[in-house]
Amino acid sequence: QVQLVESGGGLVQAGGSLRVSCTASGHTFGLVGMGWFRQAPGRDREFVAAINWSRGGTILATSVQGRFTISRDNAKNTVYLRMNSLKPEDTAVYYCAASGRSWGRRADEYVYWGQGTQVTVSS
């Protein structure tokens, strides 16, 4: 079992920046990938970014390329999502996810999920 705890969400004005973090605990030795997804009210959960836990390769959704960066600190078992040039349409609950098998764009690739952290971007 792996437990994930997100932190760092909040309220920010459009154009601003925010960093959310996700710390994993438990059986983390088998992690292959970690990802960020988000869900806005009335919308489906969508992929934001993913990172290969050992090699550091990254994938970003088209909508956030050039604005968001995903990174990890293996020593702290933590993955970060740095969000710059935030837009009101980035407002959502951001979820961290972890997988012991892959690190792709599909939510069903991930077994472990955090409780989510709210990010609100005001116009």
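Everything here concerns the structure above.
Keep in mind the model is a prediction, meaning the values are calculated, not measured.

Student: I would appreciate a short explanation of unusual backbone geometry in the present structure.
Tutor: It is generally the case that most residues other than glycine have a negative phi and that most peptide bonds are trans. The backbone phi angle of N77 is positive, close to 55°, even though this residue is not glycine. Looking at the secondary structure, you find N77 in the loop between β7 (68-73) and β8 (78-83). A positive phi angle, close to 50°, is found at S85, a residue other than glycine. The topology assignment puts S85 in the loop between β8 and β9 (92-99).

Student: Help me understand the environment of L11 in this model?
Tutor: Relative to the assigned elements, L11 resides in strand β2 (residues 10-13). Residue classification places L11 among the exposed residues on the basis of a relative accessible area of 65%. With 34 residues separating them in the primary sequence, L11 and R45 have C-alpha atoms 20 Å apart.

Student: Hey, could you run me through the packing of aromatic side chains in this one?
Tutor: Centre-to-centre distance and the angle between the planes together describe a pair of aromatic rings. As enumerated under the stated definition, the model contains 4 aromatic pairs in all. With a centroid separation of 5.6 Å and 75° between ring planes, the pair formed by F37 and F47 is classed as edge-to-face. Of this pair, F37 sits in strand β4 (residues 33-39) while F47 sits in strand β5 (residues 46-52), placing them 10 residues apart in sequence. Residues F37 and F47 agree in their burial class; the two are buried. The interplanar angle of 75° and the centroid separation of 5.4 Å between the aromatic rings of F37 and Y110 together place this pair among those described as edge-to-face. One end of the pair, F37, is in strand β4; the other, Y110, is in the loop between β9 and β10 (112-113), with 73 residues separating them in the sequence. On the basis of relative accessibility, which here comes to 2%, the residue F37 falls in the buried class. A connected cluster of aromatic rings, assembled from ring pairs, spans F37, F47, Y110 and W113. Note that R45 overlies the ring of W113, its terminal NZ or CZ placed 4.8 Å from the centroid.

Each value, and the rule that gives it
Residues numbered from 1 in each chain as written. Predicted model: local features only at pLDDT ≥ 70, side-chain atom pairs only at ≥ 80, totals over all residues. Heavy atoms only, no water. Helix = DSSP H or I, 4+ residues; strand = E, 2+ residues; numbered from the N terminus. Buried < 20%, exposed > 50% of the residue type's maximum accessible area, 1.4 Å probe, protein only. Phe/Tyr/Trp six-rings, centres within 6.5 Å; stacked < 30°, edge-to-face > 60°. Lys NZ or Arg CZ within 6 Å of the ring centre and 35° of its normal.

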